[in-house]
Structure formats: C-alpha cells, structure tokens
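Here is how the chains run, residue by residue.
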Amino acid sequence: MFRSAFYACFALTALYAIFLGVLTIPFFQNQIIYLNRMTLTWFQDVNVPEQWGFLHNQVTPFHLPTEDGETLHAWHILPLQLYRHHEDELLEEPSGLVPDIKNRLSFRLLRDDPSSLLVLYFHGAAGTLGSGWRPPSYRAISAGAPDRIHTVAIDYRGFGASTGVPSEEGLLKDAVALGKWAMEEAGIPPSRIVLFAQSLGTAVSISLANHMASSPDPILFSGMVLVAPFANVELLTATYRVAGIIPILDPIAKIPRLLTWLNTFILSKWPSKDTLAEFVRRCEGMAGDTLKYHITIIHAEDDYDIPWSHSEQVFWHAVNASSPNGVGYDELERDKEASKVMRGAGGWAVDHRTAKGVIREEIMKHGLHDRIMSYPVVSLAIMTAFGDLDC
Ligand SMILES: *[C@@H]1O[C@H](CO)[C@@H](O)[C@H](O)[C@H]1NC(C)=O
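The name given to the protein chain in an unreviewed UniProt entry is Alpha/beta-hydrolase, with Hypoxylon rubiginosum as the source organism.

**Student:** Explain the overall build of the protein chain here, please?
**Tutor:** What the protein chain contains, in helices and strands, is 15 helices and 10 strands. Relative to its length of 391 residues, the protein chain is compact, with a C-alpha radius of gyration of 22 Å against a globular reference of 21 Å. In terms of its C-alpha atoms, the protein chain occupies a principal-axis envelope of roughly 75 × 50 × 45 Å. In the protein chain, 72% of the contacts between residues at least 6 apart in sequence involve partners at least 24 apart. Total accessible area on the protein chain is roughly 17,300 Å²; 60% of this is exposed by carbon and sulfur atoms. Distance between charge centres in the protein chain, computed from 31 positive and 43 negative side chains, equals 4 Å.

**Student:** I keep staring at the site of the ligand and nothing clicks. Help me out?
**Tutor:** The ligand sits among Arg281, Trp316, His317, Asn320, Pro324 and Gly326. The side chain of Arg281 places a nitrogen or oxygen atom 3.4 Å from an oxygen atom of the ligand. Within the side chain of Asn320, a nitrogen or oxygen atom sits 2.5 Å from an oxygen atom of the ligand. Calculation on the ligand without its partners gives an accessible area of 360 Å², and the protein chains cover 50% of this total. If one sorts the elements of the shell around the ligand by residue count, helix H13 (residues 309-322) sits on top with three residues. Residue composition of the shell around the ligand, by class: two nonpolar, three polar and one charged.

**Student:** What's the story with the layout of surface pockets in this structure? I'm lost.
**Tutor:** Estimated volume of the largest pocket: approximately 790 Å³. Around the largest pocket, the lining is made up of 39 residues, and of these Ile32, Ile33, Leu35, Ala125 and Tyr240 lie nearest the centre. When grouped by side-chain class, the residues that make up the lining of the largest pocket number 26 nonpolar, 10 polar and three charged. Of the pockets and cavities examined, the second largest pocket occupies roughly 480 Å³. Lining the second largest pocket are 20 residues, with Ser222, Lys292, Ala385, Gly387 and Asp388 sitting closest to its centre. Among the residues forming the lining of the second largest pocket, the class breakdown is 10 nonpolar, seven polar and three charged.

**Student:** Honestly, the packing of aromatic side chains in this entry has me stumped. Any pointers?
**Tutor:** To describe a pair of aromatic rings, one takes the distance between the centres and the angle between the planes. Evaluated as defined, the whole model comprises 14 aromatic pairs. Between the aromatic rings of Phe54 and Trp75, the centroid separation amounts to 5.9 Å while the plane-to-plane angle is 85°, which identifies the pairing as edge-to-face. Placement of the pair is Phe54 in the loop between helix H2 (26-34) and strand E1 (59-65) and Trp75 in strand E2 (residues 71-77), with a sequence separation of 21 residues. Pair check on accessibility: Phe54 and Trp75 agree, each one buried. Seen from their ring centres, Trp316 and Tyr329 are 5.3 Å apart, and the 85° between their planes marks the pair as edge-to-face. Here the residue Trp316 occupies a position in helix H13, and Tyr329 occupies one in helix H14 (residues 329-339), the gap between them amounting to 13 residues. Overall, the relative accessible area of 27% leaves Tyr329 in the partly exposed class. Every member of this aromatic cluster is reached through a ring pair, and the members are Trp52, Phe54, Trp75, Tyr121, Tyr138 and Phe196. Stacked on the ring of Phe54, the Lys or Arg Arg139 has its end atom at 4.8 Å from the ring centre.

Rules of the game
Residues numbered from 1 in each chain as written. Predicted model: local features only at pLDDT ≥ 70, side-chain atom pairs only at ≥ 80, totals over all residues. Heavy atoms only, no water. Helix = DSSP H or I, 4+ residues; strand = E, 2+ residues; numbered from the N terminus. Rg over C-alpha atoms; globule rule 2.2 N^0.38 Å. Contact = heavy atoms within 4.5 Å. Areas by Shrake-Rupley, 256 points an atom, 1.4 Å probe, with all protein chains shown as cover. Lys, Arg positive; Asp, Glu negative; His and termini not counted. Charge placed at Lys NZ, Arg CZ, Asp CG, Glu CD. Near = heavy atom within 4 Å. Polar contact = N/O pair within 3.5 Å; in protein donor to acceptor, adjacent residues only side chain to side chain. Nonpolar A, V, L, I, M, F, W, Y, C, P; charged D, E, K, R; others polar. 1 Å grid on protein atoms, 1.4 Å probe; cavity = no way out; pocket = protein on both sides within 12 Å on 5 of 7 lines; lining within 4 Å. Points joined across faces, edges and corners; volume = space filled by probe spheres on them. Phe/Tyr/Trp six-rings, centres within 6.5 Å; stacked < 30°, edge-to-face > 60°. Buried < 20%, exposed > 50% of the residue type's maximum accessible area, 1.4 Å probe, protein only. Lys NZ or Arg CZ within 6 Å of the ring centre and 35° of its normal.

Set out below in structure tokens:
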C-alpha cells in the first residue's frame, strides 16, 4: 500500500513537472497569460452587440488597423441619453460591422460635439468585447454623463475577431492604434480622453500612457482608471489563481529560488509598477503646469484572481516616484492610515496629490475581480478622471 501511495505521489510530481516544463514553451505560456483563445462568447457573433443587452445600433462594430498590419475588432458604444435623442435616425442605419465608421451618425456625434468625452477601454485576459462583466461595465462608464461619455473598446490582436497573436509589444501597438484613432480620426484632444482598464488591460493602459508621455511632444490623457491591476507578471505568477480558484504555481511559490528561476522563462513581463513609476517621474519632471496626470487604482478585497496587495504595491511605486527623495513603504502606510477616507462596508480611499497630479487608491470590500467593473465606484472614478470637464 505504501508502495502504491509512493508511486501515485511520484506520478503526480512528474506530471506537475511536465506541466511546468510546458509552461516554459512560449506558445503555451501565451495561452496562460492572455487566454485569448478562451473566447467565452463561443457561437456568438461579436458584430451583433444586441446579444449582450445593447439597444439596436447603440454599439457600432468597426475595424481598426494597427501600424504593423493587424486588424483589430472594435466597438463604439453610445451613451444612453445621446442614443435616446437620436434614436429614430440610429434605427434607420444598417447594423453589423461597418465598412467605414466615419459615415455613421454615432461617429459624428462623438467627433462633432466639442463637449463629448471619450473613454478608451482595455479589457482583461480571455474573452472578447462581449464577455462577462464587460458589457455592464461599459454602461457603468457612461452612467455619470449619459449624454457625453462615449466608449471605444478593442479586442487586442489574437482576441475575438481581431487578427494576429498577442505579445507585450503587440498589445502596446494595439493601444497606440486606438489612442491615435481617437485623437487623429475622431479628433478628440487628450484632455477629453480617459483610459479605463481592468486586470491585464491595466498593464496595457499603463504602457500606453507612458509611451504617449514620452513622445517628443508629450501627450497626457485626462486620466487613467485601473481596476484590479497587478505589480508585474513575475509577482503575479506567485499569486495568480485561474478562474479565481486554482493557484497553479502555489506549490513552487513556496520555493522562492525555483520560482525565480522559472520566472526567467517568462516572455511577457508587463512591469506595471515600474512603468507607472516611470510615467509619474516623467510627468513630475515636465515643465509648465498645463499637463497634469490623474491615476485611480481600484481593487476589491475579495478579488481571488489578483489579490489587492498588488494594488498596494502599484500605488506605493507610483507615490514613491512622485517625490524626489522617494517614500518608504512603511512611511506611506502610516500616512495612509492618517488620511484614509473610511466608508464602512464600502471600503476606503486615499489620495496622494502633488502640484503635477493625483494618485488615488480605492479599496472596496466587495466586488470580486470582474464584477467590480460594473459598480458605481467605476462611474464615479471616470467622472473624477475627466476633472473640470465633469458634469
Ligand atoms: C523610490 O524612489 C527613490 C527616489 O526616486 C528611488 O531611488 C527608489 O529606488 C524608489 N524605490 C522603489 C522601491 O522603487
């Protein structure tokens, strides 16, 4: 009996070792990090947004080209009040994927109204534009100003109906394509644009913000709302739970040297805490006082996919970068204890302000990993991120 127990144990360990070995192969690793083939909306056509509860022609599906030749599938989502005011005309337009979005009323409503606001939406791993809590989150985003806040969301390369294969550089190119489309094609100045992102999307959005701020003629968007961010992929592997349940790397996370060694195989690093710190340093160093940054980090304590300790790390690195001499973690924790706004069962929030910008952390008691995207805390954060333009 002992012998068969021993064999069973040995076989399990061997299987796990093979599984870890497979993870070092780039193709399989990408499947775990991006989960882009886990469509979740199988057998549904992402060109029929009514399936996810939108009104007829409230969403315009269109194609967005990237500079390196990929074609991204995108949705332009009209806010409710604007839809209501133009319902008759919208109903008369054809549905489905549009060959040229510029001919559409929805696009003209965005481009031609000097007070329109635009949210660029970067979703998390797996699924498509229509998966899970994403459709309800589009509705939460425009809730604060349903006559003005438009949303444009993309499926990254390799996701949904977009072409290509995901990679760290590739997803940044996708985000740049969306940012440029918003500014150049739709003609919306960055002061009227907010980035919204969740989970994997937060890494993409942070990269985009830093990329735009580092151009010779720096571009700063009005703000950035990050829901359930992670510090970087290496720190994520130790804590990540697939579907919020299976801690795939838990056994080896207990052997730090083994984890460190395995981490050297990771291709997509997404160093969000460092990239965000770089972004903040860059903004703090900008001359003049017209460009200001605004970062909101939101996380739920009951997030089982990515623990909220990641947000604590991300917030600390951003705050540390905002001061010339830096701020120690413990020192910051003491400051936070003193200045936290407590909201009982609604969690707490803390603001860090400098002359150049605001870094905000909001920890909710409830919201899980995805559901939180549809909560009013997101509606409020979006309104705040638009700053003075807020209605
Ligand atoms: C905090 O900021 C200081 C000063 O810019 C820097 O030297 C230090 O490396 C930063 N700490 C972390 C953990 O990034």
